[in-house]
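# Examining the three-dimensional arrangement
Given next are the chains, with one letter for each unit.
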Amino acid sequence: MKSQLNTDTIYTKEEVENVNYQFLKDVLEGLQQDPKHLQSKYFYDKKGDALFQEIMAMPEYYLTRCEMDIFQNKTQQLASIIIGDNSPFDLIELGAGDASKSLHLLEYLKKADADFTYMPIDISGNILSVLDQKLQKNIPNLTVKLLEGDYFEMLQKTAKISSRRKAVLFLGSNIGNMELQEASDFCIQLRKNLNKGDIVLVGFDLKKDPKIILNAYNDPSGVTSSFNLNLLERINIELKADFVLKQFEHFQSYDPLSGACRSYLVSLENQTVNIDGQAVDFKKDEVIYMEVSQKFSITDMEEFAASSGFKTLNTITDSKEWFADTFWIAD
């Protein structure tokens, strides 16, 4: 299911209604839970994409720089595992975004004359359009197949498009945006969509000084706050809601024992919000749970692999050892 309509694509009235219906259904179901909850995948409309680009550029947000360190300085090490026996392959990136990190790998693979097709998957049609222009400019001869939609739905589509071996990238510690059981289930489902011998490269943000982690999600400039509040604005625009954004405030927490960094929006007063004609009541100080950004140990990573049918091939860290990209092979 697409969470955003790509403005470059002509959709039927029925398709538009289906997209908005699923968004509405998920929002209303989430806000009827206790505690209230909104799905983080809906952060990424056009404005949300732009705000997240700002977040990645913030000095406090170390994650992008750490993984970029790996992709810039250990490119050959990454590429050698992906190229493997030199057989043709599909390089599939889940949640590709603007591919700022994987661009280094793509350029290296192209120069090495690797026989591959790049298949970026993202739920945001807007960011895929940005990515397409970027790739045409930087690697004009790259074979690309853009796939807009849900990870597993699109992963199944890649299997129908091509029978070649798969190398899947899941970067940016996107796996950390899931609860631990959800992440485990995701890895099991990922394995089910791959053949024996296919490989996966997963990015994990490692546990470290709690202050460093909390500062990355609680920046003084307020960009992260705007990113969270933008989801309410999106609901107003697309679902005929009447959230008053100044009546909600962003709150961030980090538990160094569990490794869970969680974001919330706090209602600053008793209020009622109407969403497509349906009333949702908020008490003063009631929270909407927005997102988790889980942090991991090396042991956690190895346990995820073993419990979901993968075997760890190699783990590569950045120079500070704050972030790890680990290779798994489907066993």
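Here the structure is a predicted model, which means the values were calculated and not measured. (Residues numbered from 1 in each chain as written. Predicted model: local features only at pLDDT ≥ 70, side-chain atom pairs only at ≥ 80, totals over all residues. Heavy atoms only, no water.)

## Notes on the sheet that holds strand β5 (residues 165-170)
Using the following cut-off: Paired strands, in this sense, are two strands between which DSSP finds at least two bridges. For the purposes of this entry, the term helix denotes a DSSP run of H or I that reaches at least four residues, the term strand denotes a run of E that reaches at least two, and both are numbered from the N terminus. The criterion used for residue contact is that any of the two residues' heavy atoms lie within 4.5 Å. Every axis corresponds to a line fitted to the C-alpha atoms, with the helix fit spanning only the stretch in contact, and the corresponding angles, defined between N-to-C directions, vary from 0 to 180 degrees.
Strand order in the open sheet formed by 7 strands is β4-β3-β2-β5-β6-β13-β12, and the pairing between neighbours is mixed. In the strand order of this sheet, the two ends are held by β4 (147-148) and β12 (310-317), each with one partner. Inspection of the sheet shows strand β6 (residues 199-205) paired to strand β13 (residues 323-330) by 7 bridges, in the antiparallel sense. Paired with Leu 201 across the two strands is Phe 327, which belongs to β13. Running at roughly 150° to β12, helix α11 (residues 298-307) makes contact with β6, β12 and β13 of the sheet.

## Observations regarding the pattern of salt bridges
Note the threshold: Salt bridge, as used here, is a side-chain nitrogen of Lys or Arg placed within 4 Å of a carboxyl oxygen of Asp or Glu. Here's how the labels work: a residue is buried when its accessible area is under 20% of the maximum for its type, exposed when over 50%, partly exposed in between, all with a 1.4 Å probe on protein chains only.
Scanning the model with the defined rule gives 16 salt bridges in all. Among the ionic pairs, Asp 331 bridges to Lys 196, the shortest N-O distance being 3.9 Å. A residue pair is termed long-range when its members are at least 10 positions apart, and Asp 331 in the segment after β13 and Lys 196 in the loop between α8 (180-192) and β6 qualify at 135 residues. For Asp 331, a relative accessible area of 46% gives the class partly exposed. With a closest N to O distance of 3.4 Å, Lys 211 and Asp 209 form a salt bridge.

## With respect to the confidence of the model for the chain
Note the cut-off: Every residue is assigned a pLDDT by the predictor, reflecting its confidence on a scale from 0 to 100.
Of the residues in the chain, 94% reach a pLDDT of 70 or more, and the chain-wide mean stands at 92. Across residues 1-13, confidence stays below pLDDT 50; counting only partners more than four residues off in sequence or on other chains, it has 38 contacts.

## Comments concerning the sheet that holds strand β11 (residues 287-294)
Taken in spatial order, the 4 strands make up an open sheet running β1-β11-β8-β7, and their pairing is mixed. Strands at the two margins of the open sheet, each flanked by one partner only, are β1 (36-37) and β7 (248-255). Pairing of β7 with strand β8 (residues 260-267) involves 8 bridges; the strand directions are antiparallel. Its bridge partner lying in β8, Phe 251 is registered against Tyr 264. Strands β7, β8 and β11 of the sheet are contacted by helix α10 (residues 223-239), whose axis makes an angle of about 125° with β7.

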